[in-house]
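Below, each chain spelled out in residue letters.
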4 protein chains.
Amino acid sequence: MRVGVLTGGGDCPGLNAVMRGVVRKGTQEYGYDFVGFRNGWRGPLTGDTMPLDISAVRGILPRGGTILGSSRTNPFKEADGVRRIKATLAKEEVDALITIGGEDTLGVATRLSGEFGIPCVGVPKTIDNDLSATDYTFGFDTAVGVATEAIDRLHTTAESHMRVLVVEVMGRHAGWIALHSGLAGGANVILIPEQRFDVGQVCGWIDARFKVRYAPIVVIAEGAMPKDGQMVLKDGSTDSFGHVRLSGVGEWLAKEIERRTGKEARTTVLGHTQRGGTPSAFDRWLATRFGLHAIDAVRDGDFGKMVALRGTDIVRVPIEEATAKLKTVDPALYAEAGVFFG
Amino acid sequence: MRVGVLTGGGDCPGLNAVMRGVVRKGTQEYGYDFVGFRNGWRGPLTGDTMPLDISAVRGILPRGGTILGSSRTNPFKEADGVRRIKATLAKEEVDALITIGGEDTLGVATRLSGEFGIPCVGVPKTIDNDLSATDYTFGFDTAVGVATEAIDRLHTTAESHMRVLVVEVMGRHAGWIALHSGLAGGANVILIPEQRFDVGQVCGWIDARFKVRYAPIVVIAEGAMPKDGQMVLKDGSTDSFGHVRLSGVGEWLAKEIERRTGKEARTTVLGHTQRGGTPSAFDRWLATRFGLHAIDAVRDGDFGKMVALRGTDIVRVPIEEATAKLKTVDPALYAEAGVFFG
Amino acid sequence: MRVGVLTGGGDCPGLNAVMRGVVRKGTQEYGYDFVGFRNGWRGPLTGDTMPLDISAVRGILPRGGTILGSSRTNPFKEADGVRRIKATLAKEEVDALITIGGEDTLGVATRLSGEFGIPCVGVPKTIDNDLSATDYTFGFDTAVGVATEAIDRLHTTAESHMRVLVVEVMGRHAGWIALHSGLAGGANVILIPEQRFDVGQVCGWIDARFKVRYAPIVVIAEGAMPKDGQMVLKDGSTDSFGHVRLSGVGEWLAKEIERRTGKEARTTVLGHTQRGGTPSAFDRWLATRFGLHAIDAVRDGDFGKMVALRGTDIVRVPIEEATAKLKTVDPALYAEAGVFFG
Amino acid sequence: MRVGVLTGGGDCPGLNAVMRGVVRKGTQEYGYDFVGFRNGWRGPLTGDTMPLDISAVRGILPRGGTILGSSRTNPFKEADGVRRIKATLAKEEVDALITIGGEDTLGVATRLSGEFGIPCVGVPKTIDNDLSATDYTFGFDTAVGVATEAIDRLHTTAESHMRVLVVEVMGRHAGWIALHSGLAGGANVILIPEQRFDVGQVCGWIDARFKVRYAPIVVIAEGAMPKDGQMVLKDGSTDSFGHVRLSGVGEWLAKEIERRTGKEARTTVLGHTQRGGTPSAFDRWLATRFGLHAIDAVRDGDFGKMVALRGTDIVRVPIEEATAKLKTVDPALYAEAGVFFG
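The rules we used
Residues numbered from 1 in each chain as written. Chains lettered and ligands numbered in written order. Predicted model: local features only at pLDDT ≥ 70, side-chain atom pairs only at ≥ 80, totals over all residues. Heavy atoms only, no water. Pairing = 2+ DSSP bridges. Helix = DSSP H or I, 4+ residues; strand = E, 2+ residues; numbered from the N terminus. Axes fitted to C-alpha atoms, helices over the stretch in contact; angles between N-to-C directions. Polar contact = N/O pair within 3.5 Å; in protein donor to acceptor, adjacent residues only side chain to side chain. Contact = heavy atoms within 4.5 Å. Buried area = accessible area lost by both parts, 1.4 Å probe. Salt bridge = Lys/Arg side-chain N within 4 Å of Asp/Glu carboxyl O. Parallel < 35°, antiparallel > 145°, perpendicular 65-115°, else oblique. Left-handed = near helix turned anticlockwise from the far one by under 90°. Nonpolar A, V, L, I, M, F, W, Y, C, P; charged D, E, K, R; others polar. Buried < 20%, exposed > 50% of the residue type's maximum accessible area, 1.4 Å probe, protein only. Domains from an automatic or database assignment.

Moving on, we get to the sheet that holds strand β5 (residues 120-124) of chain A. Residue and element names in this part refer to chain A. Read across the sheet, 7 strands follow the order β3-β2-β1-β4-β5-β10-β11 without closing on themselves; strand pairing throughout is mixed. One side of each edge strand has no neighbouring strand; the edge strands of this open sheet are β3 (49-51) and β11 (313-318). Direction aside, neighbouring strands of the sheet carry axes that sit 30 degrees apart on average. Pairing analysis gives 6 bridges linking strand β10 (residues 305-310) to β11, with the strands arranged antiparallel. Of the residues in β11, the one forming a bridge with Val307 is Arg316.

Listed below in structure tokens is the structure:
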């Protein structure tokens, strides 16, 4: 048995831990061989491989990123994509493919598995935690930890000075990182993409907070949007020097708060620091177990499935279940957090 | 409505976060008053109270320990204990009691609730994660994080020198901290109380590891025990200066390894560092949600219940369900980790 | 003897540690009393005080911010400022004043001490490390640590993806934080206010880095400026929606890099996270020793002086020595770092 | 020009950073070649080498340990040691040797340089910071940081429970780590090897601390010793099972405190966690600069010298200056810390 492995999509702490779990158990317990495909689907498309044995995965558990590299290449958008992948798999004598990735990567695996008979097992990956069918994805806990530590640091500044502090965190379509880090960090306002916010209400919370003698901390997901008519400068417009501007919503909100409340506001944009670096202990544990169970699925010939976390158990679900619907923040959960606003 | 709150048993990061959740929601949404009882069950026994309003819980979210203090006092072992507690509750006009604690504290709450009609709601707390009926308890993730970071640091020493490094972590009756931190840290041997270990096998793993050019890291729970006939020096014996000795199993194992393999071994005993300090983001989130749901149970008059985590949901279960049986590491889960041994 | 204490200017981890050192030694060894003035020079101007005894400083060593609050109030810009300060000091029976602050706060202390006979001892404070006469100021090591950890995290993303990562750190007039964190983090380009940068050269370093298969990390101080003709959007301009824009130089540079190299670039703006939170061990040690030596200077009647670090010793220097000249990065030191560029 | 590099003695975060500085500058600016000798002096003794070019040092800046390995081998204790080293250097065509190590390693370098004409440049290394002629050695700041974080965590436990917490830190002959981490962590007692402690006085401080309602934290260097007649169980004695016992002074002291004060005491032994893992930002900066200046010394032909930190400058001093005398804690500095005892 020879198993191919690839990682696709954005960076996420824990990718290497998955691979280590796959290769250690597959080699030691089942006697399988492995081959790594470089840079997501580009690897099997172009035949770009690297050796993936026990020595290759030694020491990678605590390392962020992916030793295989990644890409957003979609074989269905490439000429002759499926045929080229099949050719590579045949040439490399690969009997099964473990694909570690998010919505796009797993979507491709679903089709390759279902429509074209390529035996795929999926491992879900998204820093944003927005995949259905799994309680958590690895990388999310790390991102929340980085954001929470940043909010912790801002608290002392907020106490000593009378400035509004706005923290922009990841989350284009789902507010999980904002919600969890905002709750864990004791933020006074949390804004998520699932619910358009009213700048006036935000300023009301800010004023309320100042009245208890502390400056407010506002956590905002990068994908959060104000209500209609409270516009934010969009990507693609140009400034007076002709540069195309990507205006972060955090910076925009800080400006709006200054304009409306008369208080100073400062912005922190955590950016890629949330998705780099060593995974948290939780993420290493989850990613390792995903790896161990993914190779079990291969051994069982249980293709077209994805490993998932349910409570403390790792289970298998059809890949399409995970990708059919974005897992967004439940309004009731968001409302629950509202007791800490203001 | 006036609600009493107490924290019992050992220290655990997240206790303050629970109280903050209880008081914020109870005050703001339900208009309740609160009173804090100091030092676990000793508080209601002796009438030792402190104010517990919103200003009292401000800023405590990231702080370890408990602002109420704690103790291991058991009212059923005190003369006239139940009557004295009832008298205090009557005097303080307390309508319900939120008890945050482990097996012992919750066991008392079960009896007070069931046999004596005192309306109690429980919040489970144990650093060791060994309470049934909840997927996780707060504090556990923090402890695993501290232990994992220590193991991470030991790896570089293990690579540069040829020494066996033994790390003793918490876990008297259950090996959850050892298992999770050992997996997350990439330990080469993990020893837990649930399964007596064979020193010869441990030394076999150690020799195997040295053959791949690295020194081994052994994670051992404080309650792990060697097989019969491989004795460990017990608490209560005396050394040649007449001092009573408490010999940690980690130090004992390091000595045994040195004697049997001829390799140098060094011990790290993390001790109380695992249960102190700021809670991890996960533990703050879990503890906060436990607090929010505990006060909801009070509002619903749902006494004799404990809040618990199931997947990503907070549910209520009878308190006795949690305390009836210790949650130990499943042998299958321990076996799963074995692929990384040696 | 009764001693007043105030903290002025921007937030800086270690302020509380200084106060604790002052009060512990002053009370226990010299039998002095203390009074805290709130919010920088505004405290003695308006008579706003708080008690500052041993119990007030208990537990504040690891806490960022300042329990006294701070402000940028300058008594020389207030009507009748000096007279009002003198009146407060007389009313409070203060014999000496310990002023903890940066260039502005210490500048006021210099004049009050020299021209108006108010007995002041200074403690230097600047996150930017740009005060002359002291090797380091507390808070700087903490800021460098926060920035370095962020850069560490970005490395794995840089390795996995082919994006330029720009990190904007503090430093309006001096590049110490950028230089130290850039060196410690292994940045590929470091840009400081002391030397105008050439965007073309920056892009050259970026291209060179890509050739060794890794994406580059650019650390830029907020006060760094491109050469003439390579303009950056200034504060005060307005965007197409009429909002006043504050364009960070980091974001501007990322856009320029994208435009010139055709590579994607992403920005992280650490903002106030660099000046909040618990001080590093080094900063706590330095701040504590500054406090111990400041009260010694009071005891010696050595006014108009400031404590300073020279090697491993704490010495006293005239306050004006520290404020006369900004300590900027030596061109030779910046050139030394250049070996790592590209 | 071809330069050999070796690392000797115990593990220390920053060793890799030194090498990276040496190789980057030596290659890029001076066009030198490098060869790494494995495992300290054993490398040149046995001819065990590894390539050391720019690609070999890529990515090693944040990594603890040493990619060259280390040992405590002393060529003057090996038969024919000097001749064998000379033979290896001749065979490898090495023109100069950069030796990174502590007292022992540098002592060998001094003799090889002075008596046998082997051109050596030294880089001082000791986690304990006990080398004369340099303000600090790299690795020390990291160790102090690890110990301080552990003490921070213990504080919350100390506040919640009434237990004495003893932390044993590194420092066999000098108390720098204990002094700095004890001061930074707010310990109530600090015990160092330079001054024998009186257990009765320690218990006095402990009782005093309990009177202000908090439990005490005692930081003790592993080499600290009680006064005569207050003996500690020595290495080499045997317990009742015939095992040779190494009794840590921390555990011994905890037992003594329990016996004398009647309070419970718990011990944390940080062990090798203090010398492993990623170096702090300060240590990376210091180690990098040591590397850059060591290769400059080679270029200048300035052999028999060691780089050293003086204030913020890197200077060169004769190697024997550093090794002639252990740098111990000045009694005045220790007395200064005493204001926080009790």
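Okay, the side chain of D:Asp11 next. Tracing the chain through its elements places D:Asp11 in the loop between β1 (2-7) and α1 (15-30). Of note is the side chain of D:Asp11, whose polar atom sits 2.8 Å from the side chain of B:Thr157. Excluding residues that lie within four positions of it along the chain, D:Asp11 makes contacts with B:Thr156, B:Thr157, B:Ser160, B:His161, D:Gly65, D:Thr66, D:Arg275 and D:Gly276.

Moving on to the interface of chain D and chain C. The interface of chain D with chain C comprises 39 residues on the first partner and 39 residues on the second. Carbon and sulfur atoms supply 60% of the area buried between chain D and chain C, which totals about 3,400 Å² over both sides. Taken together, chain D and chain C are joined by 4 salt bridges. Residue C:Glu336 is joined to D:Arg289 by a salt bridge in which the shortest nitrogen-to-oxygen separation is 2.9 Å. Put simply, chain D and chain C have 12 residue pairs in polar contact (both at pLDDT 80 or more) between them. Of all elements in the fold, only α1, α5 (140-160), α6 (176-185), α9 (281-299) and α11 (331-337) of chain D reach the threshold of two or more residues within the side of chain D that touches chain C.

Further remarks concern the packing of helix α7 (residues 199-211) of chain C against helix α8 (residues 249-261) of chain C. All names here are of chain C. Between α7 and α8, whose axes approach to 10 Å, the crossing angle comes to 70 degrees. Comparing their axes, α8 and α7 come out roughly perpendicular. In this structure, α7 crosses over α8, and the sense of that crossing is right-handed. On α8, the residues touching Val199, Gly200, Val202, Cys203, Ile206 and Asp207 of α7 are Trp252, Glu256, Ile257, Arg260 and Thr261. Residues of the contact of α7 with α8, tallied by class, amount to 6 nonpolar, 2 polar and 3 charged.

This part covers the pairing of strand β6 (residues 164-169) of chain C. All names here are of chain C. Summarising burial for β6: 6 of the 6 residues are buried, a large majority. In this structure, β6 lies alongside strand β9 (residues 265-269), joined through 5 bridges in parallel fashion. The partner of Val166 across the bridge, within β9, is Thr267.

Glancing now at the pattern of salt bridges. All names here are of chain A. Counted by the stated rule, this structure contains 76 salt bridges over all chains. For Lys305, the salt bridge is made with Asp302, and the minimal N-O distance between the two is 3.0 Å. Across the pair Arg310 and Glu321 runs a salt bridge whose closest N-O atoms are separated by 3.9 Å. Remark: Glu321 occurs in helix α10 (residues 319-323) and Arg310 occurs in strand β10; sequence separation between them is 11 residues. A network of salt bridges, in which partner residues are shared, links Arg163, Lys255, Glu258, Glu264 and Arg266.

What follows covers the domain arrangement of chain A. One widely used convention gives an interface's size as the accessible area the parts lose upon coming together. Residues and elements named next belong to chain A. Each assigned domain of chain A is listed here: domain 1 (2-138 + 279-323) and domain 2 (140-275). The C-alpha-based centres of domain 1 and domain 2 are spaced at 34 Å. Contacts between the two partners involve 15 residues from domain 1, matched on the other side by 13 residues from domain 2. It is Ile127, Asp128 and Asn129 in domain 1 that bury the most area against domain 2; as a group they hold 45% of the surface buried on that side.

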